[in-house]
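Report on the structure
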Amino acid sequence: MRALQAEGVKTIFGYPGGSIMPVYDALFDYTRGEKKCFDHILVRHEQGATHAAEGYARVSGEVGVALVTSGPGVTNTLTGIADAMLDSTPIVVIAGQVPIGALGTDAFQEVDLVGVSQPISKWSYQIRHAEDVSWAVSRAFYIARTGRPGPVVLDFAKNAQVEEIDYNPQKVNFIRSYVPYPKLDAEAVRQAAELINNAKKPLALVGQGVELGNAQSELKAFLEKADIPAGRTMLGLSALPSNHPLNVGMLGMHGNYAVNLKEQECDVLIAIGMRFSDRVTGNLKTYAKQAKIIHLDIDHSEIDKNVKTDVAVIADCKESLPAITALLNKNNHQEWRDSFKPLDQMEREKVIEPAIHPKEGPLLMGEVVNAVAEQAPDNAVLVTDVGQNQLFATRYFKYHHNRSICTSGGLGTMGYGMPAAIGATFGAPDRTVCCFMGDGGFQMCIEELGTIMEQKAPVKMIVMNNHYLGNVRQWQDMFWMRRKSFTKMMNPNYSMIAQGYGISYQAVTDRKDLTEAVKKMLTTDGPFILECAILEEDNVLPMTPPGMDIDKMMLEI
């Protein structure tokens, strides 16, 4: 407890069990009375603990903490650990383990956690003796939060939990061979600036690295001085405000039409804190072959991994961006930026207006997201589950402040939304948290309604119910001859479920009621479930079919 306190931990998401009981017994005194320094949030499933820790970390910028028991307790966290690894989210998972004398005996609830978690974490370590606790906890937090953030796993043997020693505080701030912040290469900075100064059609691709590095103001200064239009990855959406004049939309398979086409036309492409995901690049054989590529990233392993780089600037973007900006000429690329507008207008007419302002028929996901975005406070946090709800929500929500989006990008974890939203309410208690879910993802971690009920976590849950696993259904319709194999959903009565948990609820089936229902949701104290009956065959557009060139986007089906 004292080691966690030394790391500034305030909130722990957890679920007790036999092999972590000594820690929970100690925690008892640190959540009440004079010693109180932690809030412990009892989740209903260990996967929920890791996603809640992720949501907490994403909005707060701090390290999220999950505390669980051994065996099935910790194997339930593996999805969240893998999710955090792919999305560079700093969490520390502390799990109980059988005593070291029982290791290898197939003892009750024994599992080789270090072996299982090493490939999906930044560091995984087994604490075998009490004297290792202070050092291991400090090292875990140092690794989780520094450099490119990520998950760390501590496997805590039960004998080490009950041994008694004098507390010896330790602070780890250096690890041999671990260089979280590479030294900035002045020559690389010069080369990058030279390419940008000579560019006629520069384009920036902004990723979550800008948010993780707290470099939002440095990004704006960089873009504005050189007058560079910027697309944003899904996880980087709130790194640049939606209404910024240089924002040209979201990148990727379901991103905005103009920016995806212009990736194939720009002469200099500047990737900032992003990893060239296949969902962004499409077919790598044809991706941006005409452009000089500048890649700014803190992680050397991302350089040339997917896209060959002409200039690599390996450093924290909070350091590299201002260094490049200092060497840039004040520029004007009005003609280049204007060339985006006809494509934007085409998307608006063919896709956006029909999606957010339909004239007839059942409700659409786009109009539901737009209705919430128009009424939500400027500092609202968007949390999504995975599927069509995620793609519509990220496209049509509005981003005005930093750290305003929590979504599962790399792993695409259904069930992420609700527990991540719980974590976000603790990480940013002064902000409205809007969580969009499909009927499939809502049921993946539906047990966390119990956590919401107990904590009175003010999550505004928007369930977009189309009675389908919508994203898979769309692909089946487009690429599998409309053979809807096991994507139709029989759903429960959500009003009765909400009543059972004591959570405010309203259903909307007619668009004339949508605006007022959203207002009621946002102005009701505490949690709220807004169920919206959605057109069964609502489709996310534009779309680049998998494996196709990124500029082969479909505006209609």
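Residues numbered from 1 in each chain as written. Predicted model: local features only at pLDDT ≥ 70, side-chain atom pairs only at ≥ 80, totals over all residues. Heavy atoms only, no water.

**Concerning helix α5 (residues 78-86)**
- Among the residues of α5, those classed as buried are L78, G80, I81, A82, D83 and A84.
- Packed against the buried residues of α5 are α3 (46-60), α4 (72-75), β4 (91-97), α6 (113-117) and β6 (151-157).
- Positive backbone phi, approximately 55°, marks S88, located one or two places after α5. (Buried < 20%, exposed > 50% of the residue type's maximum accessible area, 1.4 Å probe, protein only. Helix = DSSP H or I, 4+ residues; strand = E, 2+ residues; numbered from the N terminus. Contact = heavy atoms within 4.5 Å.)

**Concerning the packing of aromatic side chains**
- Enumeration over the complete set of coordinates arrives at 14 aromatic pairs.
- Seen from their ring centres, F13 and Y56 are 6.0 Å apart, and the 65° between their planes marks the pair as edge-to-face. Within this pair, whereas F13 is found in strand β1 (residues 11-14), its partner Y56 is found in helix α3, the two being separated by 43 residues in sequence. The burial state of F13 is the same as that of Y56; both residues are buried.
- Pairing F276 with Y287 gives two aromatic rings, centres 6.1 Å apart and planes at 70°, and the pair type is edge-to-face. (Phe/Tyr/Trp six-rings, centres within 6.5 Å; stacked < 30°, edge-to-face > 60°.)

**Quick look at the sheet that holds β1**
- The strand order β2-β1-β3-β4-β6-β5 describes an open sheet built from six strands, whose pairing is parallel. Looking along the sheet, the strands with just one partner apiece sit at the ends: β2 (39-42) and β5 (123-127). For this sheet the average axis-to-axis angle between neighbouring strands, irrespective of direction, equals 20°.
- Pairing between β1 and strand β3 (residues 64-68): two bridges, direction parallel. When the bridges of β3 are listed, F13 appears paired with A66.
- Contacting β1, β2, β3 and β6, helix α2 (residues 21-29) crosses the sheet at an angle of about 125° to β3.
- The strands touched by α5 within the sheet are β4 and β6, with β6 carrying the most contacts at an inclination of about 145°. (Pairing = 2+ DSSP bridges. Axes fitted to C-alpha atoms, helices over the stretch in contact; angles between N-to-C directions.)

**Remarks on the nonpolar core**
- Within the largest apolar cluster, 68 residues are counted, with the highest numbers of intra-cluster contacts made by L269, F276, F397, F436 and I462.
- Here this core takes six residues from helix α17 (residues 365-375), the largest share from any one element.
- Setting aside residues no more than four positions away along its own chain, I462 makes contact with V368, V372, C434, C435, F436, M437, M521, L530 and C532. (Core = buried A, V, L, I, M, F, W, Y, C linked by side-chain atoms within 4.5 Å.)

**Examining helix α19 (residues 417-427)**
- For α19, the buried fraction is high: ten of the eleven residues fall into the buried class.
- Buried within α19 we find G417, M418, P419, A420, A421, I422, G423, A424, T425 and G427.

**What about the pattern of salt bridges?**
- Throughout the structure, instances matching the rule amount to 28 salt bridges.
- Between R395 and E347 there is a salt bridge; the shortest N-O distance is 2.7 Å. Of this pair, R395 sits in helix α18 (residues 388-396) while E347 sits in helix α16 (residues 341-356); the two residues are 48 residues apart in sequence, bridging distant segments of the chain.
- A residue is classified by how much of its surface remains accessible, and R395, at 12% relative accessible area, is buried.
- Among the salt bridges present, the one from D477 reaches R482, with a minimum N-O distance of 3.9 Å.
- A relative accessible area of 13% means that D477 is categorised as buried.
- For R482, a relative accessible area of 47% gives the class partly exposed.
- Counted as one network, the salt bridges with shared partners bring together R473, D477, R482, K484 and E537. (Salt bridge = Lys/Arg side-chain N within 4 Å of Asp/Glu carboxyl O.)

**Points about the sheet that holds strand β9 (residues 247-250)**
- Spatial ordering of the open sheet is given by β9-β8-β7-β10-β11-β12, a layout of six strands whose pairing is parallel. This sheet does not close on itself; its edge strands, each paired only once, are β9 and β12 (311-314). Each strand of the sheet is rotated relative to its neighbour by a mean of 20°, with strand direction disregarded.
- Relative to strand β10 (residues 268-272), strand β7 (residues 202-206) runs parallel, the two sharing five bridges. Considered in β10, the bridge of P202 is made with V268.
- Against the sheet, helix α9 (residues 186-198) contacts β10, β11 (292-297) and β12, and its axis sits at roughly 130° relative to β12.
- Across the sheet, helix α14 (residues 317-325) is in contact with β10, β11 and β12; its angle to β11 comes to roughly 135°.

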